[in-house]
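Observations on chain architecture
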Protein chains: 2
Amino acid sequence: MKTVLTVACGLVLVSAAMAAEWSTSPEGGAAFTADGKLKYPEKYREWVYLSSGLDMSYSDRAMGHSMFDNVFVEPFAYREFLRTGTWPDGTQLALEVRAASEKGSINKHGKFQTEEVMGMEVHVKDVRRFQGGWAFFNFRDAGAAQMIPTTEECYSCHQQHAAVDTTFVQFYPTLLPIATLKGTLSPGYKP
Amino acid sequence: MKTVLTVACGLVLVSAAMAAEWSTSPEGGAAFTADGKLKYPEKYREWVYLSSGLDMSYSDRAMGHSMFDNVFVEPFAYREFLRTGTWPDGTQLALEVRAASEKGSINKHGKFQTEEVMGMEVHVKDVRRFQGGWAFFNFRDAGAAQMIPTTEECYSCHQQHAAVDTTFVQFYPTLLPIATLKGTLSPGYKP
């Protein structure tokens, strides 16, 4: 599943129940366990939505199944991006992948999202903790997730192709104009 | 464009700049002008995201162009839905329609959203103001919008087919399980 790299890489099947759980944990920056795992961001569906794609792939191969990806960011990081055109330390971008369906209820054309969550990954900025400032985490369930090793291609791909600070702002339509205006596009970014 | 009825009907072309404007107006229920128009919900992109679809159509005709629809709801109404399984008075559901694109930046397959906002509609619950409790508004720009007449088919379609309180909760995957659990599905709703 490494062909899907919208925010991160290596999506896995997880329970749909995962996304339906809510807690009262406070927002405001990534939280880690004592052994460096990222805690599951239980409130991510209440974060600020950035965009969705359908069946996006950065490789030449198309996927064998259909799915939406939804990207969310914590409100404090979003507001800081609006102000500065880039991400503050502690930013978390959550990528949720949901199965796409069609011809359900009264819908006759096109696709809609279902309760089946197929993957959940988080891209975290912490300049003291991570070499390069950012790390990816892949949640297999609602527990804590280990960091994806920096040898994985998600890191080099984001480094080479991302519009702003190794994040794919080119696919976040409300933020790209702000980064352009603020002059925070990466020097090597090609639209 | 009446074939696209995810939340409302009658989408129109509007400026992409509309969605990029932000204000400090407070959230918390629909706001109207003295002559009954709905004020533009400037902060809707910071509301809680419910779901997206691609090229959804409830008629037998497919559309001639490709677009995503994104649905947002104010946080207070979302939290009340989590608690009760239905919408409180003052609820606003915003439907934003964005042009879909493909083969941009490093994306080789699938579709992503662009800066071109093709429509913006709001579904408002106000039991004292509207016969049936709800009304649709279609924004042609970031000004105030007049109510869509109740003779338009969006009203009868939502009345007949919506899962919860005339809203298409069947397409909001985090909310449908809650409505099912709370027993708030409409009596005539067929999955």
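Residues numbered from 1 in each chain as written. Chains lettered and ligands numbered in written order. Predicted model: local features only at pLDDT ≥ 70, side-chain atom pairs only at ≥ 80, totals over all residues.

**As for the overall build of chain A**
Along its length, chain A carries 4 helices and 5 strands. The order of α-helices and β-strands along chain A, N terminus first, is α-β-β-α-β-β-β-α-α. Looking at chain A as a whole, 47% of its 191 residues are labelled buried. Counting only contacts in chain A whose residues sit at least 6 apart along the sequence, the fraction spanning at least 24 positions is 60%. (Helix = DSSP H or I, 4+ residues; strand = E, 2+ residues; numbered from the N terminus. Buried ≥ 20, exposed ≤ 12 C-beta atoms within 10 Å, placed from the backbone. Contact = placed C-beta atoms within 7 Å.)

**A look at the interface of chain A and chain B**
Contacts between the two partners involve 41 residues from chain A, matched on the other side by 41 residues from chain B. Contributions of two or more residues to the side of chain A that touches chain B are made by helix H1 (17-20), strand E1 (48-57), strand E2 (67-73), strand E4 (109-125) and helix H4 (176-182) of chain A. Examining the composition of the side of chain A that touches chain B, we find that 9 residues originate from one element, E1(A), more than from any other. Of the residues in the side of chain A that touches chain B, the class split is 18 nonpolar, 15 polar and 8 charged. Alignment of E1(A) against strand E4 (residues 109-125) of chain B, held across 3 bridges, turns out to be antiparallel. Paired with Leu54(A) across the two strands is Lys111(B), which belongs to E4(B). (Nonpolar A, V, L, I, M, F, W, Y, C, P; charged D, E, K, R; others polar. Pairing = 2+ DSSP bridges.)

**Here's the deal with the relation of the copies chain A and chain B**
Once turned by 180° and shifted 0.0 Å along the axis, chain A lies on chain B with an RMSD of 0.0 Å. Such a combination of turn and shift is consistent with a two-fold rotation axis. Rotation axis and chain A: the residue whose C-alpha lies nearest the axis is Tyr49(A), separated from it by 3.1 Å. Both copies contact each other with a shared surface, as 100% of the interface residues of chain A are interface residues in chain B too. (Least-squares fit on C-alpha atoms with pLDDT ≥ 70 in both.)

**Observations regarding the pairing of strand E3 (residues 92-101) of chain A**
Residue and element names in this part refer to chain A. The element E3 is extensively covered by neighbouring structure, given that 8 of its 10 residues are classed as buried. Pairing of E2 with E3 involves 7 bridges; the strand directions are antiparallel. Residue pairing in the sheet places Asp69 in a bridge with Val97 of E3. Pairing between E3 and E4: 9 bridges, direction antiparallel. For Gln92, the partnering residue across the bridge sits in E4 and is Val124.

**Topic: the nonpolar core**
In this structure, Phe72(A), Phe72(B) and Ala94(B) are the most contacted members of the largest nonpolar core, which totals 99 residues. Among residues more than four places away in sequence, those in contact with Phe72(B) are Tyr44(B), Trp47(B), Val48(B), Tyr49(B), Leu50(B) and Ala94(B). (Core = buried A, V, L, I, M, F, W, Y, C linked by C-beta atoms within 7 Å.)

**What about the pairing of strand E5 (residues 134-138) of chain B?**
Residues and elements named next belong to chain B. The buried fraction of E5 is high, at 5 of 5 residues. Alternating positions in E5 separate into two faces, Trp134, Phe136 and Asn138 on one and Ala135 and Phe137 on the other, with burial throughout. Pairing of E4 with E5 involves 5 bridges; the strand directions are antiparallel. For His123, the partnering residue across the bridge sits in E5 and is Phe136.

**Topic: helix H3 (residues 153-161) of chain A**
Residues and elements named next belong to chain A. Within the sequence span of H3, burial applies to Cys154, Tyr155 and His158. All buried residues of H3 project into a common sector of 100° when viewed along the axis, lining one side. Tucked into the core, H3 has its buried residues touching strand E5 (134-138). (Arc of directions from axis to C-beta.)

**Here's the deal with helix H2 (residues 75-84) of chain B**
Residues and elements named next belong to chain B. Regarding H2, the residues found buried are Ala77, Tyr78 and Phe81. Summarising the axial view, the buried residues of H2 lie within an arc of 100°, below the 170-degree limit, and thus occupy one face. Residues of H2 that are buried in the fold lie against strand E1 (48-57), strand E2 (67-73) and helix H4 (176-182).

**Digging into unusual backbone geometry**
Residue and element names in this part refer to chain A. Backbone geometry at Asp165 places phi at a positive 50°, although glycine is not the residue there. Note on placement: Asp165 falls in the loop between H3 and H4. Backbone geometry places Thr166, a non-glycine residue, at a positive phi of 65°. Tracing the backbone through its elements, the reader meets Thr166 in the loop between H3 and H4. Assessed through the 21 C-beta atoms surrounding it within 10 Å, Thr166 is described here as buried.

**With respect to the confidence of the model for chain A**
Per-residue confidence for chain A gives a mean pLDDT of 84; residues scoring 70 or more make up 83%. If you check the scores for this complex, the pTM reads 0.85 and the ipTM reads 0.83. (pLDDT = per-residue confidence, 0-100.)

**Considerations on the environment of Ala34(A)**
Residue placement: Ala34(A) occurs in the loop between H1 and E1. As for Ala34(A) and Gly188(A), which are separated by 154 residues in sequence, their C-alpha atoms are 37 Å apart.

**A look at the environment of Arg140(A)**
Its place among the elements puts Arg140(A) in the loop between E5 and H3. In this structure the C-alpha to C-alpha distance between Arg140(A) and Met118(A), which are 22 residues apart in sequence, comes to 9.5 Å.

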